[in-house]
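# A structural walkthrough
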Amino acid sequence: MEKKGAVLLIFTGGTVSMGEDPDTQALVPLDSTQVLGFIPELEMLNVTISSVSFDPLIDSSDVMPDTWIRIANLIKKHYTQFDGFVVLHGTDTMAYSASALSFMLEHLTKPVIFTGSQLPVGVLRSDAKENLITAIEIAAAQTANGHARVPEVCLYFEDQLMRGNRTTKRNTEEFDAFASFNYPELAKSGVHIRYFPANCHYEPVNQPLILHTGLDPNIAILKIFPGISEKTVAALLHTDGLKGVVLESFGAGNAPSCDWLYKQLKMADERGIVTVNVSQCRAGAVEMGRYQTSINLLKAGVVSGYDMTVEAAITKLMYLFGTFSDTKEIKRQLAISLRGEMTV
Ligand code: ASP
């Protein structure tokens, strides 16, 4: 059978590429050939599959910005040779990695699909097989005019193809481990794979891929809670080298109405620290100015993150501070949706 598409698998590690040691029954990492050996069904796909692998494979808790640069460089290096890319990745930080890659790959016109599994490929009842087979099928899928059906960074898990920078790991136990609370799915797999093109993000096909590898990790999360003290907030905002803050606020973007909080945030803003406001609620958006408590945040220079996930907000700040030096430009880009990461 003549193969119709070509997909590169990038093995980074995680549960998906593990199996049981026959002697000790302990879970151990498997190499890419061993992983693919557990899924002979891949032969039936009309797709030429190649692979590259991290050596050693890593647990995704050890993922760092450098890991994202490695993945992005591999995609850039092989970009013209393949129709799509599937990144096999641990589930713990997959939503961060998919968000980061979405910002790093500008003008992406091919699918980059992150997937993994809750149970190792080498154990009975593993969800790895279905996740990997369908992710590959979607990565190779093209429209009648030869364009990728889903030309963006996505995450495929348990029947659902989601925009990567909209995802959050929500469950450590169930196969349905990821959710995209604020954005509908891009495709759904059942008896057929149903695509929802109206939900996809399309970049102009005649623009070359631009790789951004500048990532600044001088970012912090400030999660508000009833009773948070000024000294805690002040200590965080005076962290040496701090550039950006993700403020996790209450409800639709509110924070306690203590004068000291707004003063601390305003002083941080004057020192060039950029703060973006996202909600502690998983679904819904920040609506700054709806209540007096968030008007004060606006006055302190805080930018609305609308319905962005924390994972997207963190990686967007890393990307913006790694790419631009002008704070005004960073705030401008923060307030617009760059890769479909928020609904403005
Ligand atoms: N700790 C693993 C990882 O994220 C969990 C998983 O893959 O599901 O690498």
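These lines cover the structure that appears in this document, whether it is placed above or below. Small disclaimer: the values here were computed from a predicted structure and weren't measured. (Residues numbered from 1 in each chain as written. Predicted model: local features only at pLDDT ≥ 70, side-chain atom pairs only at ≥ 80, totals over all residues. Heavy atoms only, no water.)

### Some details on the site of the ligand
- Looking at the ligand, the residues that line it are Gly14, Thr15, Asp59, Ser60, Gly90, Thr91, Asp92 and Ser117.
- One of the side-chain N or O atoms of Thr91 is found 2.5 Å from an oxygen atom in the ligand.
- At a separation of 2.9 Å, a nitrogen atom of the ligand approaches a polar side-chain atom of Asp92.
- Here the ligand, which alone exposes 270 Å², has 88% of that area covered by the protein.
- Taken together, the residues of the shell around the ligand break down into no nonpolar, six polar and two charged. (Near = heavy atom within 4 Å. Polar contact = N/O pair within 3.5 Å; in protein donor to acceptor, adjacent residues only side chain to side chain. Areas by Shrake-Rupley, 256 points an atom, 1.4 Å probe, with all protein chains shown as cover. Nonpolar A, V, L, I, M, F, W, Y, C, P; charged D, E, K, R; others polar.)

### With respect to the pattern of salt bridges
- All told, the structure shown has 11 salt bridges when counted by the stated rule.
- With a closest N to O distance of 2.6 Å, Lys243 and Asp216 form a salt bridge. Remark: Asp216 occurs in the loop between strand 14 (210–211) and strand 15 (219–223) and Lys243 occurs in the loop between helix 5 (230–237) and strand 16 (244–249); sequence separation between them is 27 residues. (Salt bridge = Lys/Arg side-chain N within 4 Å of Asp/Glu carboxyl O. Helix = DSSP H or I, 4+ residues; strand = E, 2+ residues; numbered from the N terminus.)

### As for the state of the cysteines
- For the coordinates displayed, the defined rule picks out zero disulfides.
- The cysteine Cys258 is free of any disulfide, with Cys281 supplying the nearest cysteine sulfur at 19 Å.
- By relative accessible area, Cys281 is classed as partly exposed at 41%. (Disulfide = S-S within 2.5 Å. Buried < 20%, exposed > 50% of the residue type's maximum accessible area, 1.4 Å probe, protein only.)

### Digging into the nonpolar core
- Within the largest apolar cluster, 53 residues are counted, with the highest numbers of intra-cluster contacts made by Ile75, Leu101, Leu105, Val112 and Phe114.
- With nine residues, the single largest contributor to this core is helix 8 (residues 310–323).
- If we skip the residues at most four places from it in the chain, Val112 touches Ile75, Phe85, Val87, Leu105, Glu152, Val153 and Cys154. (Core = buried A, V, L, I, M, F, W, Y, C linked by side-chain atoms within 4.5 Å. Contact = heavy atoms within 4.5 Å.)

### What to know about the sheet that holds strand 18 (residues 303–304)
- Within the open sheet, the four strands sit side by side as 15-16-17-18. Their pairing is parallel. Edge strands, defined here as strands with exactly one partner in the open sheet, are strand 15 and strand 18.
- Relative to strand 16, strand 15 is paired through five bridges, and the arrangement is parallel. Along strand 16, the bridge assignment pairs Ile219 with Gly244. (Pairing = 2+ DSSP bridges.)

### A word on the pairing of strand 16
- Of all the six residues making up strand 16, six are buried; the element is thus mostly covered by neighbouring parts of the structure.
- Residue alternation in strand 16 divides its side chains into two sets, Gly244, Val246 and Glu248 and Val245, Leu247 and Ser249, and both sets are buried.
- Handedness of the crossover joining strand 15 and strand 16 through helix 5: right-handed.
- As defined by bridge partners, strand 16 adjoins strand 17 (residues 274–279) across six bridges and the pair is classed as parallel. In the sheet register, Ser249 faces strand 17, and the bridge partner there is Ser279.
- Regarding topology, helix 6 (residues 259–270) serves as the crossover connection from strand 16 to the parallel strand 17, and that connection is right-handed. (Right-handed = clockwise from strand over helix to strand, strands pointing away.)

### Some details on helix 4 (residues 128–140)
- Over its 13 residues, helix 4 extends 18 Å from the first C-alpha to the last, a length consistent with the 18 Å expected when each residue adds 1.5 Å.
- Considered for burial, the residues of helix 4 that qualify are Ala128, Asn131, Leu132, Ile133, Thr134, Ala135, Ile136, Ile138, Ala139 and Ala140. (Expected span 1.5 Å × (residues − 1).)

### Here's the deal with the pairing of strand 7 (residues 112–115)
- The side-chain alternation of strand 7 yields two buried faces, one formed by Val112 and Phe114 and the other by Ile113 and Thr115.
- In this sheet, strand 7 lies alongside strand 5 (residues 84–88) in parallel orientation, the contact comprising four bridges. Paired with Val87 across the bridge in strand 7 is Phe114.
- Since strand 7 and strand 8 (residues 153–157) lie parallel, the crossover through helix 4 that links them has a hand, and here it is left-handed.

### So, the sheet that holds strand 1 (residues 5–11)
- Reading across from one edge, 4-1-5-7-8-9-12-13 is the order of the eight strands in this open sheet, with mixed pairing throughout. Bordering the open sheet on either side are strand 4 (47–53) and strand 13 (193–195), each of which pairs with just one other strand. Taken pair by pair, the neighbouring strands of this sheet meet at an average axis angle of 25°, ignoring direction.
- Helix 2 (residues 65–77) contacts strand 1, strand 4, strand 5 and strand 7 of the sheet and is inclined by roughly 160° relative to strand 1.
- In the packing of helix 3 (residues 94–104) onto the sheet, contacts are made with strand 7 and strand 8, and the angle to strand 8 comes to roughly 155°. (Axes fitted to C-alpha atoms, helices over the stretch in contact; angles between N-to-C directions.)

### Some words on helix 6
- Between its first and last C-alpha atoms helix 6 spans 16 Å; for 12 residues at 1.5 Å apiece the expected length is 16 Å, and the two agree.
- Listed as buried for helix 6 are Trp260, Leu261, Tyr262, Gln264, Leu265, Ala268 and Asp269.
- Contact partners of the buried residues in helix 6: helix 5, strand 17, helix 7 (292–299) and helix 9 (327–334).
- Directly beyond the C-terminal end of helix 6, a positive phi value near 95° is found at Gly272.

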